[in-house]
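Here's the letter readout for the chains.
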Amino acid sequence: MPSETMTPPRPAAEQGRAPRAIHNLIAGERVEGIGSFAKISPIDGTLIAEVHEAGAEQVDRAVAAARAAFDGPWGRMTVAERARVLRGVADAIDRRADELVAAEVGDTGKPESLARDLDVARAAANFRSFADTVSATGLDSFLTELPDGRRALNYAVRKPLGVVAVIVPWNLPLLLLTWKLAPALATGNTVVIKPSEETPSSATLLAEILAEAGVPAGVVNVVHGFGAGSAGEALTTHPGIDGVTFTGESSTGSAIMRAVAPRVRPVSFELGGKNAALVFADADLDAAVAGLARSTYLNTGQVCLCTERIYVERSVFDDVAAGLAEHAGRLRLGRPEDPATTTGPLISQAHRQKVQSYFDLAVSEGATVLAGGGVPTLGDGLDGGSWIEPTLWTGLDNSHRTVREEVFGPVAALIPFDSEEEAIRLANDTDYGLAAVTWTTDLTRGHRVAQQMRTGMSWVNTWYLRDLRSPFGGVGLSGIGREGGHHSLEFYTEPTNVCVQL
Ligand SMILES: NC(=O)c1ccc[n+]([C@@H]2O[C@H](COP(=O)([O-])OP(=O)(O)OC[C@H]3O[C@@H](n4cnc5c(N)ncnc54)[C@H](O)[C@@H]3O)[C@@H](O)[C@H]2O)c1
Ligand SMILES: O=C/C=C/C=C(\O)C(=O)O
């Protein structure tokens, strides 16, 4: 809840419209919670929704509904039937894209074009990708021939986990939810979703769309609330949960691991990052600077893959620093519907306080602020929102907290290097391990450096170019497991190997 130092939300009457009520969705029904919490607009600080918080009873009802649906027709559907349903969901998402864009933009304040071209477009793509993957993935099987002449057929059938808890963050709410939901459903599971308390709208709307597309009641349930002491914890500690797929902060991942430990349930974790970019002197500097501007400031720096550490070969350091500072200064903060807007607000005033604390820490650690560094005055009724200036630092190094800890805002530290070996060592000097980017026109070097990154993903001369069949995830504090293509299918199913002597 907002602390006394934050601007209180403007009351509904002052904004001329009543806030929406957002309910839990259990077994196809809207269900009230034990209370409600406010959803505040990050654009202007107005109260936009009262969200029903699910308590232990509602979470228990949701898990029971998912179990009943799993034991019903859904659990007996063929792969082809489920793939057809998933493709129908994708078509329904396309049909109702405007509503989903409005839901995402209302909750996050991100530019409409970004919500449309990334969040909502990927939601449909996720469902189509896993309809294809589940249809094309066969079984592991072997014709076994032993030295003593015996022969056998070994084959592994994969069965769904059962009832899966899906817990997702607020930065790419619909993209990340469907990235989990599509493979979970494709493999015959049923789910209980716990969206972020900051972004309840698109998950709730998606549940309606799923029902419209023929997903039976109870297969997908949505409970709203917070984490510890609320719906999130009630879900992860529930004995009826067969697995947990989670995207969010590394510290939350640790808490969820502790919650499922007594029942040894499988977890899939997509966690935090402190991602590095390496810029070699032989890079196409215009392309590198444009790419760095995108990887640092996309979604106001609120993407797990965003670059927060930029290591630049010393001979081109000043050119890259000047070019990136100029890009940061050109970003246009404004209302989501304004086509000129490039950059939205942070998700909340609480998150802005966190990012600002790192802005203050960087200066105390000796940073030079090349761009931004503060809170903008935007006028136009926006100053009650959670806006912050796109920022760029120099003068820091790997010993500083602002270069080691995830900020999750529109900011990066520029640090020089003198050799390839030094660059690789600096980039790998982190407890995280999610994504890296290498900028060089020497592709032999590009492959060599990319493969030495201790990360789950490593891009060369591009960033966030995605093939949904490739493994997505991180090492260290950045996560456990991979999502994408058959990697997702393996998490949401358990194989039984059958051996038949011939
Ligand atoms: N690796 C990835 O793919 C990826 C993608 C997006 C975001 N992230 C990370 O997520 C973080 C930002 O998202 P956030 O602030 O929503 O993360 P968060 O961990 O605070 O919350 C994520 C979700 O977990 C729930 N939650 C919190 N504590 C819980 C608990 N104890 N038990 C059960 N549920 C709990 C929250 O209510 C929310 O729904 C950043 O660290 C970012 O790097 C990672
Ligand atoms: O904020 C993190 C972004 C994650 C992106 C994906 O999981 C994806 O593109 O599939």
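Rules and cut-offs
Residues numbered from 1 in each chain as written. Chains lettered and ligands numbered in written order. Predicted model: local features only at pLDDT ≥ 70, side-chain atom pairs only at ≥ 80, totals over all residues. Heavy atoms only, no water. Phe/Tyr/Trp six-rings, centres within 6.5 Å; stacked < 30°, edge-to-face > 60°. Helix = DSSP H or I, 4+ residues; strand = E, 2+ residues; numbered from the N terminus. Buried < 20%, exposed > 50% of the residue type's maximum accessible area, 1.4 Å probe, protein only. Lys NZ or Arg CZ within 6 Å of the ring centre and 35° of its normal. UniProt positions renumbered as here; feature names shortened; annotations may be inferred. Contact = heavy atoms within 4.5 Å. Near = heavy atom within 4 Å. Polar contact = N/O pair within 3.5 Å; in protein donor to acceptor, adjacent residues only side chain to side chain. Areas by Shrake-Rupley, 256 points an atom, 1.4 Å probe, with all protein chains shown as cover. Nonpolar A, V, L, I, M, F, W, Y, C, P; charged D, E, K, R; others polar. Pairing = 2+ DSSP bridges. Right-handed = clockwise from strand over helix to strand, strands pointing away. Arc of directions from axis to C-beta. Axes fitted to C-alpha atoms, helices over the stretch in contact; angles between N-to-C directions.

With that settled, consider the packing of aromatic side chains. One pass over the structure, following the stated rule, counts 8 aromatic pairs. Between F37 and F226 the ring centres are 4.7 Å apart and the planes differ by 55 degrees, which places this aromatic pair in the tilted class. Residue F37 is located in strand β4 (residues 35-40), and its partner F226 is located in the loop between β10 (220-222) and α9 (231-236); the two are separated by 189 residues in the primary sequence. Centre to centre, the rings of F280 and F417 are 5.2 Å apart; their planes meet at 70 degrees, and the pair counts as edge-to-face. Here F280 is found in the loop between β13 (275-279) and α11 (285-297), whereas its partner F417 is found in strand β17 (residues 411-417), with 137 residues between them in sequence. Like F280, the residue F417 is buried in the burial classification. The ring of W179 carries R122 above its face, with NZ or CZ at 5.0 Å from the centroid. For R445, the ring lying beneath its charged end belongs to F280, and the centroid distance is 4.2 Å.

Looking now at the UniProt feature "active site" (unreviewed entry) in the protein chain. Summarizing the sequence annotation, UniProt attributes the feature "active site" (unreviewed entry) to E270 in the numbering used throughout. Structurally, E270 is set in strand β12 (residues 267-270). Its relative accessible area of 5% is what places E270 among the buried residues. In contact with E270, not counting residues within four places along its chain, are K180, F246, T247, G248, F472, G473, G474, S478, G481, R482 and E483.

Moving on, we come to the site of ligand 1. The full set close to ligand 1 counts 30 residues, and K194, E197, T252, L271 and E406 are the nearest of them. E249 is positioned with one of its backbone polar atoms (N or O) 2.9 Å from an oxygen atom of ligand 1. In the model, a nitrogen atom of ligand 1 is placed 2.7 Å from a nitrogen or oxygen of the L271 main chain. When isolated, ligand 1 has an accessible area of 850 Å², and the protein chains bury 91% of it. Taken together, the elements giving at least two residues each to the shell around ligand 1 come down to α9, β11 (243-247) and α10 (250-260). Top contributing element to the shell around ligand 1 by residue count: α10, with 3 residues. Of the residues assigned to the shell around ligand 1, the class counts are 16 nonpolar, 8 polar and 6 charged.

Let us now look at the pairing of β11. The buried count for β11 comes to 5 of 5 residues, which makes it a mostly enclosed element. Here β11 shows a buried face lined by G243, T245 and T247 and a second buried face lined by V244 and F246. Of the strand pairs in this sheet, strand β8 (residues 163-167) and β11 are connected by 4 bridges, and their pairing is parallel. Its bridge partner lying in β11, A165 is registered against V244. Across 4 bridges, β11 lies against β12 in parallel orientation. Opposite T245, over in β12, you have S268 as the bridge partner. Where the polypeptide runs from β11 across α10 and back to β12, its parallel neighbour, the crossover connection is right-handed.

Quick look at the side chain of T440 now. The topology assignment puts T440 in the loop between β18 (435-439) and α16 (443-452). Looking at T440, its side chain comes within polar contact range of the side chain of D282, at 2.7 Å. Dropping the residues within four chain positions of it, T440 is found in contact with F280, D282, A283, R445, G446 and N461.

With that settled, consider the side chain of K180. With respect to the helices and strands, K180 occurs in helix α7 (residues 173-186). K180 sits in the buried class, given a relative accessible area of 0%. Polar contacts involving the side chain of K180 include one to the side chain of T247, which spans 2.9 Å. Sequence-distant contacts of K180, defined by excluding residues within four places in its chain, comprise V166, I167, V168, T245, F246, T247, E270, E483 and Y492.

Bringing α10 into the picture now. Taken together, the buried positions of α10 are occupied by S250, G253, I256, A259 and V260. Buried residues of α10, viewed axially, fall in a sector of 165 degrees; they line one side. Along its buried surface, α10 packs onto β8, α9, β11 and β12.

To continue, consider the sheet that holds strand β21 (residues 493-501). Strand order in the open sheet formed by 3 strands is β6-β7-β21, with antiparallel pairing between adjacent strands. Looking at strand neighbours, the two that pair on one side only are β6 (140-145) and β21, the edges of this open sheet. Each adjacent strand pair in this sheet contributes to an overall mean axis angle of 20 degrees, direction not counted.

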